[in-house]
Amino acid sequence: MRPLIARRDPLPPGLRRETAQAPQPAPRAVEPPAARTMAAAAPEAPRDPAPSIWSYRVQRLWLTPLFRKLVRVGVPAFVLCFGGLVYFGDAERRAALWDAGQEIRREIESRPEFRITVMGVEGASDRVIGEVRAALGLQLPMSSFDLDLAALRDRVEALPSVASAELRIQSGGYLAVRVVERVPALIWQTRDGLALIDAEGHFVASLDDHVLERPLPAVAGDGADLVVGEALALHAAAAPLGDRLRGLVRVGERRWDVVLTDGRRILLPEQGAVQALDRALALQDASRILDRDVLRIDLRNPDRLTVQLTRPALEELERLREMERDTLSGERNG
């Protein structure tokens, strides 16, 4: 076998110079089209779809409802609170903000549409109107924001002559005070004098400070203001007595005495006072018992009627009894 021997053949001088002056690049091998297609179609290395451990933990944490709420609500709230604390931590900022708020409030309150210039009291007499105005003590004009209507209403209803009150601010700067005045129903004689009470037993006024439009029934005694309804019923039942009725007296805070103008009394029981008074009126119609020398008619025992005679009647009764005894004694001796 012949060995391969590489030889360098001499070149002509002209060709050698051209080659030296302009060297030609070596020819590049041409890749066949089939080789390029196979290289492009070669698959890349497969990628692992599993997330990393930190990505997995973040995703699991985000699926927690408490964490999502904390991020969406808690973090903004914390930022706002922290910022508010930092801002309002300065005393000068707080004072400036307070002064600005007060200035805005003063500007709003001083507007004409919020000013109260007139006050009117309705539904009461002139005397009660004066009492209401004195109790309110308002210095008009003033801002409606300075009025506490609930406190003013309580102040008006604290007056003895006022049953209820209503305060409203109307357009045009008008404060309307509507009052329901207590209506006197009885004259109550107390240790301090004569007082007027209504149908519920509330004190209305002193008799000296009030002008009565009509005569009122009179009652006396401790606890009479607690049973005004019963007193009114007795006064209605005693209407046939007319002007002879002077009033009712509460005895021992448990029963009534009917007092007539001539001093006579009808003693009523604790229970069934109206029915007992009707019995006395029936006796008056039948026998004119109140026109006789009777000082008291005692009806406290429903089974027995007791009367107390006047002193002249008692003396006359004793004289008649003495005459009767003498007559009986003479008949026995004869």
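Residues numbered from 1 in each chain as written. Predicted model: local features only at pLDDT ≥ 70, side-chain atom pairs only at ≥ 80, totals over all residues. Heavy atoms only, no water.

> Lay out the nonpolar core with the relevant residues and their values.
Core analysis: the biggest nonpolar cluster contains 29 residues, and Val219, Leu241, Trp256, Val258, Ile266, Leu268 and Leu277 have the highest contact counts within it. Secondary structure elements with two or more residues in this core: strand 6 (186-190), helix 8 (228-237), strand 10 (245-251), strand 11 (255-260), helix 9 (273-287) and strand 13 (294-298). Per element, the largest residue contribution to this core is five residues, and it comes from helix 9. Judged by nonpolar contacts, the second largest core, of 19 residues, contains Met119, Val121, Leu152 and Val156. (Core = buried A, V, L, I, M, F, W, Y, C linked by side-chain atoms within 4.5 Å. Buried < 20%, exposed > 50% of the residue type's maximum accessible area, 1.4 Å probe, protein only. Helix = DSSP H or I, 4+ residues; strand = E, 2+ residues; numbered from the N terminus.)

> Account for the sheet that holds strand 12 (residues 265-267), naming residues and giving values.
Pairing is mixed across the open sheet formed by nine strands, whose spatial order is 8-7-6-9-10-11-12-13-14. Each edge of the open sheet carries a strand with a single partner, namely strand 8 (203-206) and strand 14 (306-309). Each neighbouring strand pair of the sheet contributes to a mean axis angle of 25°, computed without reference to strand direction. In the sheet, strand 9 (residues 218-220) pairs with strand 10 via two bridges, with the strands oriented parallel. If you follow Val219 over to strand 10, its bridge partner there is Leu248. Across the sheet, helix 8 touches strand 6, strand 7 (193-197), strand 9, strand 10 and strand 11, and the angle it forms with strand 10 is around 145°. (Pairing = 2+ DSSP bridges. Axes fitted to C-alpha atoms, helices over the stretch in contact; angles between N-to-C directions. Contact = heavy atoms within 4.5 Å.)

> Please set out the side chain of Asp298 residue by residue, giving values where relevant.
Tracing the chain through its elements places Asp298 in strand 13. According to the relative accessible area criterion, Asp298 is buried, its value standing at 16%. A distance of 2.7 Å separates polar atoms of two side chains, one belonging to Asp298 and the other to Arg300. Leaving out residues up to four positions away in the same chain, Asp298 has contacts with Leu267, Arg304, Leu305 and Thr306. (Polar contact = N/O pair within 3.5 Å; in protein donor to acceptor, adjacent residues only side chain to side chain.)

> Describe the pairing of strand 10, with residues and values.
For strand 10, a buried count of five out of seven residues is recorded, marking the element as mostly surrounded by other parts of the structure. Following the chain from strand 9 across helix 8 to the adjacent parallel strand 10, one finds a crossover that is left-handed. Pairing between strand 10 and strand 11: six bridges, direction antiparallel. For Arg250, the partnering residue across the bridge sits in strand 11 and is Trp256. (Right-handed = clockwise from strand over helix to strand, strands pointing away.)

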